[in-house]
Amino acid sequence: MNHLDIPVLHRAAGTVRLPGSKSISNRVLLLAALAQGETVVADLLDSDDTRVMLAALRQLGIGIESAGADSYRVKGAAGPFPIKQAELFLGNAGTAFRPLTAALALSAGHYQLSGVARMHERPIRDLVDGLTQIGAEVRYLGNAGFPPLQVLPAQINLSAPIQVRGDVSSQFLTALLMALPLMGQTAVIEMTTELISKPYIEITLNLMARFGVKVEREGWSRFTIAAGQRYVSPGTIHVEGDASSASYFLAAGAIAGGPVRVEGVGRNSIQGDVAFADALASLGARIGMGDNWIEARGPLSALIPSPSPADAGEGSKLRAFDLDLNHIPDAAMTLAVAALFADGPCTLRNIASWRVKETDRIVAMATELRKVGAIVEEGDDWLKVSPPYTSHLTPHASIATYDDHRMAMCFSLVALGGVPVRILDPNCVAKTFPDYFDRFAEITAPVIAIDGPSASGKGTVAQRVANALGYGYLDSGSLYRLVALAGQQAGVGYDDEAGIAAIAAALSAEFRGDQVLLSGNDVTEAIRSEEMSAASSKVAALPAVRAALIERQRAYRRWPGLVADGRDMGSVVFPQAEVKIFLTASVEARAERRYKQLIAKGVAANIRPLLQDLRERDERDASRSVAPLRKGEDAHLLDTTELSIEQAVDAVLGWARDAVDGKR
Ligand SMILES: O=C(O)C1=C[C@@H](OP(=O)(O)O)[C@@H](O)[C@H](O)C1
Ligand SMILES: C=C(OP(=O)(O)O)C(=O)O
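- Looking at an unreviewed UniProt entry, one finds the protein named Multifunctional fusion protein, with Georgfuchsia toluolica as its source organism.
- According to UniProt, the comment filed for the protein under the heading Subunit (unreviewed entry) is "Monomer."
- As recorded by UniProt, the Pathway (unreviewed entry) comment attached to the protein reads in full: "Metabolic intermediate biosynthesis; chorismate biosynthesis; chorismate from D-erythrose 4-phosphate and phosphoenolpyruvate: step 6/7."

Shown next, in the form of structure tokens:
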């Protein structure tokens with residue numbers, strides 16, 4: 001089976017821009033489809049769950065066009081779906097299957113809805129019962145109570161309240177709430193049981209209101225949609241980052257030092273899963289929150305006095321917990337794995353809904369946690385996880401993921417316990433977060449940042465260090481040359497900031513030994529031309545290009561690690577680098593090295609102008625107002641004037657070893 005081996009990871013620190021929220025994406029798509037007018041949906045999640053929703057809506061006659069990266073223009077039907085016959089495949093997306101069932105039941109057509117095998121094991125009876133009460137014709141095509149379903153035209157009668165259970169999934173209530181305004185009549189829903197996963201109903205009500213439909217409610221037991229309301233497009237709607245996806249990164253920050261910051265959700269979020277941050281705080285993690293970001297660091301250790309508060313408590317344990325997690329069923333899985341890093345047994349309560357999700361998550365979680373050495377007890381609706389007695393996790397566990405994205409994402413955290421871990425079928429993360437592991441590597445892979453002036457030999461040293469450690473190598477200075485070359489090839493003018501920035505954002509550059517590849521072609525020589533030198537300084541002055549290249553450069557941070565050389569690696573691009581080095585040499589030594597290089601290449605050279613040129617550049621670099629080149633306080637100084645390349649490489653390797661050993 002396809003697998004991903006995650007190496008031992010010592011620290012998590014960095015920033016992640018979150019993908020769009022699954023729950024918001026699929027709700028907004030459906031509401032926009034039923035609304036009057038066109039809606040531009042920005043920052044939509046691109047994953048399996050949203051793809052099945054988009055495909056279904058198109059099949060049902062909704063015009064949906066691309067409106068830029070991750071943006072769509074949805075032409076609303078101003079009522080029920082125009083296409084009256086369709087067979088829809090909805091994968092394993094609960095947020096597509098349940099709401100579409102209800103909307104189609106009120107669309108007076110002939111429809112079939114099916115999904116993957118697991119979807120056909122996920123209950124839907126409570127929703128079908130609710131729909132049947134108002135006269136809808138919904139039939140089971142397989143086992144009673146489960147998909148696949150057939151929906152037929154029917155006479156709908158809303159004269160009596162719809163009685164529905166809420167104790168298996170909140171998505172049934174969400175589905176009814178979103179579909180009923182299609183009838184334009186007063187509709188009342190009464191819950192006959194306790195309602196689970198309540199914050200998801202808040203998301204539903206919030207988004208319905210943005211599309212112009214208000215729901216009156218009596219607590220969580222009775223919901224009324226007054227007659228005469230219908231959905232109207234709000235114009236443009238932005239999808240927040242996914243708060244459940246944020247949980248893995250925040251947990252990583254809490255377990256392995258941090259700070260880890262997620263961008264795209266924060267204090268203003270409408271998603272209940274932001275409460276995961278509160279749960280982490282109750283475990284001792286240090287949490288910060290802004291309007292649109294959340295940050296997590298490890299707990300302050302009461303035992304180890306630390307010279308600097310920023311480093312205090314790295315490696316100290318989380319507090320054991322006993323929590324009712326009914327309000328955050330998805331992010332709760334992350335807590336089950338975080339329990340491996342706690343100082344005692346942890347209990348997760350009121351999580352019965354885990355049994356009917358992508359897999360039986362209580363069984364799956366218990367089985368896989370035992371593989372890494374945890375002691376696990378399970379009940380109908382609870383799980384108790386005790387970290388291994390010795391505090392050491394079992395290395396090299398092969399984690400089965402049960403086609404459950406959250407199992408795969410959760411268990412990546414195990415590597416932060418100082419053991420390698422194998423994730424089987426890692427691509428199951430495509431349900432909600434296709435590039436999860438790349439993003440996770442970007443906050444966990446160790447970075448050695450080597451900055452310094454021109455001709456200091458940092459490129460040669462960086463390449464050799466990367467080879468010795470088996471790490472990747474980033475020659476950041478070349479990126480600007482590559483952007484200039486790619487701009488020329490694409491015929492984009494160097495004064496077109498947005499155009500050049502778009503090229504920078506999509507740049508496909510690779511550093512292989514001393515070869516530089518652009519979209520797979522060797523351009524090592526081409527980017528060194530005088531023309532490209534001049535062009536690169538033009539593009540490097542464009543703020544949008546610099547911003548785009550920061551993301552690009554961070555994307556080189558992959559396992560097992562990265563050596564990055566340049567001028568702002570330790571200060572701007574990788575401020576959390578494990579090792580920072582300021583590599584320099586006297587201007588005379590640098591001039592002589594450059595001279596020898598040129599002679600070796602057969603280029604006629606004279607040492608005096610080279611010396612003069614370097615002096616002038618040093619002066620410019622040190623005195624410029626934006627990020628002047630100088631050694632940062634946290635960087636090691638490596639003066640190579642009197643050192644051979646081998647000695648310089650050994651010095652860097654020594655610091656790298658110390659940094660990693662210090663984290664063990
Ligand atoms: O409405 C939603 O967007 C969701 C509701 C929750 O399901 P339940 O209500 O079944 O717990 C959650 O687990 C799911 O991932 C998304
Ligand atoms: C339960 C989940 O998905 P669904 O929307 O398919 O219910 C989930 O994403 O954890």
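### Quick look at unusual backbone geometry
Turning to step 1, where the next piece is worked out: In the segment running from G258 into P259, the intervening peptide bond is cis, with an omega of 0°.
Turning to step 2, where the next piece is worked out: Residue placement: P259 occurs in strand β15 (residues 257–263).
Turning to step 3, where the next piece is worked out: Following W559, the chain continues to P560 via a peptide bond in cis, the omega torsion being 0°.
Turning to step 4, where the next piece is worked out: With respect to the secondary-structure elements, P560 resides in the loop between α17 (543–554) and β29 (562–566).
Turning to step 5, where the next piece is worked out: The backbone of H396 shows a phi angle near 60°, a positive value even though the residue is not glycine.
Turning to step 6, where the next piece is worked out: Of note in this structure, S519 is not a glycine but carries a positive phi near 45°.
Turning to step 7, where the next piece is worked out: In this structure, S519 sits in the loop between β27 (515–518) and β28 (521–522).

### Notes on the domain arrangement of the protein
Turning to step 1, where the next piece is worked out: Along its sequence, the protein is organised into domain 1 (3–18 + 241–442), domain 2 (22–238), domain 3 (445–471 + 561–664) and domain 4 (474–559).
Turning to step 2, where the next piece is worked out: Just the C-alpha atoms count here: the centres of domain 1 and domain 4 sit 36 Å apart.
Turning to step 3, where the next piece is worked out: Counting residues at the interface gives 9 residues for domain 1 and 5 residues for domain 4.
Turning to step 4, where the next piece is worked out: Of all residues in domain 1, P7, A441 and E442 bury the most surface against domain 4, accounting for 58% of the area lost on that side.
Turning to step 5, where the next piece is worked out: On inspection of domain 1 and its partner domain 4, the count reaches 0 salt bridges.
Turning to step 6, where the next piece is worked out: The tally of links between domain 1 and domain 4 comes to 2 residue pairs in polar contact (both at pLDDT 80 or more).
Turning to step 7, where the next piece is worked out: Of all the secondary-structure elements, those providing two or more residues to the side of domain 1 that touches domain 4 are β1 (3–6) and α12 (436–444).
Turning to step 8, where the next piece is worked out: The dominant element in the side of domain 1 that touches domain 4, judged by the number of residues it contributes, is α12, at 4 residues.
Turning to step 9, where the next piece is worked out: For the side of domain 1 that touches domain 4, the per-class residue count stands at 8 nonpolar, no polar and 1 charged.

### Topic: the sheet that holds strand β7 (residues 110–114)
Turning to step 1, where the next piece is worked out: With mixed pairing, 4 strands are arranged side by side in an open sheet as β6-β7-β9-β8. Of all the strands in the sheet, the pair left with one neighbour each is β6 (85–89) and β8 (137–140). Strand-to-strand twist across the sheet, computed as the mean angle between neighbouring axes with direction ignored, equals 15°.
Turning to step 2, where the next piece is worked out: Two strands pair when backbone bridges link them, and β8 and strand β9 (residues 149–152) are joined in this way by 4 bridges, in the antiparallel orientation. Directly across from Y140, in β9, lies its bridge partner L149.

### Let's talk about the site of ligand 1
Turning to step 1, where the next piece is worked out: Near ligand 1 the following residues occur: K22, S23, R27, T95, S169, S170, Q171, S197, Y200, D330, S353 and K357.
Turning to step 2, where the next piece is worked out: Here D330 contributes a side-chain N or O atom positioned 2.5 Å from an oxygen atom of ligand 1.
Turning to step 3, where the next piece is worked out: Burial of ligand 1 by the protein chains amounts to 96% of its free accessible area of 390 Å².
Turning to step 4, where the next piece is worked out: Split into classes, the residues belonging to the shell around ligand 1 amount to 1 nonpolar, 7 polar and 4 charged.
Turning to step 5, where the next piece is worked out: Formed jointly, the shell around ligand 1 draws a minimum of three residues from each of two domains, domain 1 (3–18 + 241–442) and domain 2 (22–238).

### Examining helix α20 (residues 607–623)
Side chains that are three or four residues apart share a direction in an α-helix, a result of its 3.6 residues per turn.
Turning to step 1, where the next piece is worked out: For α20, spanning 17 residues, the distance from its first C-alpha to its last is 24 Å, which sits close to the expected 24 Å at 1.5 Å a residue.
Turning to step 2, where the next piece is worked out: Three or more residues of α20 are buried, namely L610, L611, L614 and D621. Considered in projection along α20, the buried side chains sweep an arc of 100° and stay on one side of the axis. Exposed positions of α20 whose direction lies more than 90 degrees from the buried face are R608, E619, R620 and S623.
Turning to step 3, where the next piece is worked out: Packed against the buried residues of α20 are α19 (587–600).

So, how was this worked out
- Residues numbered from 1 in each chain as written.
- Chains lettered and ligands numbered in written order.
- Predicted model: local features only at pLDDT ≥ 70, side-chain atom pairs only at ≥ 80, totals over all residues.
- Heavy atoms only, no water.
- UniProt positions renumbered as here; feature names shortened; annotations may be inferred.
- Helix = DSSP H or I, 4+ residues; strand = E, 2+ residues; numbered from the N terminus.
- Domains from an automatic or database assignment.
- Contact = heavy atoms within 4.5 Å.
- Buried area = accessible area lost by both parts, 1.4 Å probe.
- Salt bridge = Lys/Arg side-chain N within 4 Å of Asp/Glu carboxyl O.
- Polar contact = N/O pair within 3.5 Å; in protein donor to acceptor, adjacent residues only side chain to side chain.
- Nonpolar A, V, L, I, M, F, W, Y, C, P; charged D, E, K, R; others polar.
- Pairing = 2+ DSSP bridges.
- Axes fitted to C-alpha atoms, helices over the stretch in contact; angles between N-to-C directions.
- Near = heavy atom within 4 Å.
- Areas by Shrake-Rupley, 256 points an atom, 1.4 Å probe, with all protein chains shown as cover.
- Expected span 1.5 Å × (residues − 1).
- Buried < 20%, exposed > 50% of the residue type's maximum accessible area, 1.4 Å probe, protein only.
- Arc of directions from axis to C-beta.

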